[in-house]
Structure formats: C-alpha cells, structure tokens
Amino acid sequence: MVDIGGGTTEVAAVAGWRVVRSQSLRKAGNAMDEAVVHALRNELGLVISQRAARHLKMTLGVTGGAEGFAEAVGLDVAQRAPRSEYVPGGLVAAALEPIVAAITGTVHEMLAEIPAGLAEDVVRGKIRLAGGGALLPGLASRIETAAGIGAVLVEDPLRCVIRGAAEILERKASGPDSGPGLRQ
C-alpha cells in the first residue's frame, strides 16, 4: 500500500488487517508543488501560486501531459507584472523527478524487506496507490517499472484511508468484545 498525501508518503506491507512493515517519507504532494513553483521561478522567471503549481502537476505529471504543455499565470520576476506562460511538460516532469524517485525508491526498499510468505500476496494483489498524490499522471507506471509489480489506483483514493479507518473502528465496536462487558 502506498498512500501519497500532502506532507508524507506512507508505504506499508499489509496482511490480514495487520501492518507487517511500514516506512514514512516526508516527500509527497506539497513537496511536488514546491518543486514546480521553484522550477518555474528559476527556469521561466515566473512566480506562481501553490494552486497553479498543483494544477500543472496534475495536468502534466511525470509524463509531460497529453499536449506536452499547459498554461500558467503568475508574476513575471523581472517586470513584477502578471503574465501568462505555456509551461513545457518536461520542465514539470523534471521538477517532480527527485520526489518521484524518492517515492519509488522507498517502495523498492519496502518490497526488498517483506517476508517471503507475503511476496505472493503482493505480486498477485499488486501495489495499491491511495491519497491525492496517487492521482499524479504517470506515477503508477513509474512505480510499476521500479518495483516490477503491477500498481493500481484504489477506488476513491482521496477518501479511502478515512473510510478504511472508519471500517476498522466499526469492526472493533461490533466485534465479540463489544457491548456491556467491553473493557477499556
């Protein structure tokens, strides 16, 4: 399981509702947005907002996008005046690369450390991607290539973690120890 949120990426091997191994990486969606902001400032002389960076990230991703470019509006560094710029997809992909490489590297490390008995479950069940960062175009195929195992986006990646936590709490509440004799 790979959960790419705003501030952290959580990578975990899960078996039977138990976390067998986990690792946290302080690189995720917000770091990607910052990398895009810095790249546009340095390469194009354009200061953009976090929202604009997020839009470019989600439009162009690690592949450079379908059209190979996307429009961004920001402030010209030299003129200090608003301007529009067509941003090359390769610039955004290059800005995202160090973070994507760190995520794929963490996934690869986690897979190298799983117990042998869990290997078949991982290969057959595939790597599951969750969180807003999992929606980054091209990320699933990059993880597949790095891991040598299929990677799929989970259903409802933005809310699946909270839905799963709620389900765990519901199972505990309705389990055999629930009711008047529940010990705290």
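Residues numbered from 1 in each chain as written. Predicted model: local features only at pLDDT ≥ 70, side-chain atom pairs only at ≥ 80, totals over all residues. Heavy atoms only, no water.

Further remarks concern the environment of valine 154. Here valine 154 shows up in the loop between strand E8 (151-153) and helix H6 (160-173). Remark: the alpha-carbon pair of valine 154 and alanine 134, spanning 20 residues in sequence, is separated by 8.9 Å. What valine 154 contacts, discounting residues up to four positions off in sequence, is Met1, Arg128, Leu129, Ala130 and Cys160. (Helix = DSSP H or I, 4+ residues; strand = E, 2+ residues; numbered from the N terminus. Contact = heavy atoms within 4.5 Å.)

Judged by nonpolar contacts, the single largest core of 43 residues is most densely connected at Val36, Leu40, Ile48, Leu56, Leu96, Ile127 and Ile143. At nine residues, helix H3 (residues 89-113) tops the list of elements feeding residues into this core. Other than its neighbours up to four places away in sequence, leucine 40 contacts Gly45, Leu46, Ile48, Leu56, Ala72, Val87 and Leu91. (Core = buried A, V, L, I, M, F, W, Y, C linked by side-chain atoms within 4.5 Å. Buried < 20%, exposed > 50% of the residue type's maximum accessible area, 1.4 Å probe, protein only.)

It is worth spelling out the packing of aromatic side chains at this point. Taken as a whole and judged by the stated rule, the model has one aromatic pair. Taking 5.4 Å as the distance between ring centres and 85 degrees as the angle between the ring planes, the aromatic pair formed by phenylalanine 69 and tyrosine 86 counts as edge-to-face. Of the two residues, phenylalanine 69 sits in strand E5 (residues 69-76) while tyrosine 86 sits in strand E6 (residues 82-88), which places them 17 residues apart along the sequence. Overall, tyrosine 86 belongs to the exposed group, its relative accessible area being 52%. (Phe/Tyr/Trp six-rings, centres within 6.5 Å; stacked < 30°, edge-to-face > 60°.)

It is the contact of H3 with helix H5 (residues 139-147), at a shortest axis distance of 9 Å, that shows an interaxial angle of 45 degrees. Accordingly, the angle class assigned to the pair H3 and H5 is oblique. For H3 against H5, the interelement crossing comes out right-handed. Packed against H3, whose contacting residues are Glu97, Val100, Ala101, Ile103, Thr104, Val107, His108 and Leu111, the element H5 presents Leu139, Arg142, Ile143, Ala146 and Ala147 at the interface. Looking at the contact of H3 with H5, its residues break down into nine nonpolar, two polar and two charged. (Axes fitted to C-alpha atoms, helices over the stretch in contact; angles between N-to-C directions. Parallel < 35°, antiparallel > 145°, perpendicular 65-115°, else oblique. Left-handed = near helix turned anticlockwise from the far one by under 90°. Nonpolar A, V, L, I, M, F, W, Y, C, P; charged D, E, K, R; others polar.)

Taken as a whole and assessed by the stated rule, the structure comprises nine salt bridges. Ionic pairing is found between lysine 57 and aspartate 33, a salt bridge with its closest N-O pair at 2.9 Å. With a gap of 24 residues between them, lysine 57 in helix H2 (residues 50-60) and aspartate 33 in helix H1 (residues 29-44) connect regions that are remote in the sequence. Taken individually, lysine 57 and aspartate 33 each receive the classification buried, so the pair is uniform in this respect. Three or more residues are tied together by salt bridges with common partners; here these are Asp33, Arg54 and Lys57. (Salt bridge = Lys/Arg side-chain N within 4 Å of Asp/Glu carboxyl O.)

Let's shift gears to the sheet that holds E6. Within a sheet, adjacent strands bond to each other through the backbone by hydrogen bonds, running parallel or antiparallel. Ordered in space as E4-E5-E6, the three strands form an open sheet in which the pairing is antiparallel. At either end of the open sheet lies a strand with only one pairing partner, and these are strand E4 (46-47) and E6. Here E5 pairs with E6 via seven bridges, running antiparallel. Among the inter-strand pairings, alanine 70 is bridged to a residue of E6, identified as valine 87. Strands E5 and E6 of the sheet are contacted by H2, whose axis makes an angle of about 165 degrees with E5. Contacting E5 and E6, H3 crosses the sheet at an angle of about 80 degrees to E6. (Pairing = 2+ DSSP bridges.)

Counting through the fold element by element, serine 22 comes out in strand E3 (residues 18-25). The exposure class of serine 22 is exposed, given its relative accessible area of 54%. Remark: the alpha-carbon pair of serine 22 and alanine 12, spanning 10 residues in sequence, is separated by 4.1 Å. Filtering out sequence-adjacent residues up to four positions away, serine 22 remains in contact with Val11, Ala12 and Met110.

Quick look at the side chain of aspartate 76 now. Secondary-structure assignment places aspartate 76 in strand E5. Looking at aspartate 76, its side chain comes within polar contact range of the main-chain nitrogen of alanine 78, at 2.9 Å. Engagement of the side chain of aspartate 76 in a polar contact is seen with the backbone nitrogen of glutamine 79, the distance being 2.8 Å. If we ignore the near neighbours within four places in the chain, the residues touching aspartate 76 are Gly45, Leu46, Ala81 and Arg83. (Polar contact = N/O pair within 3.5 Å; in protein donor to acceptor, adjacent residues only side chain to side chain.)

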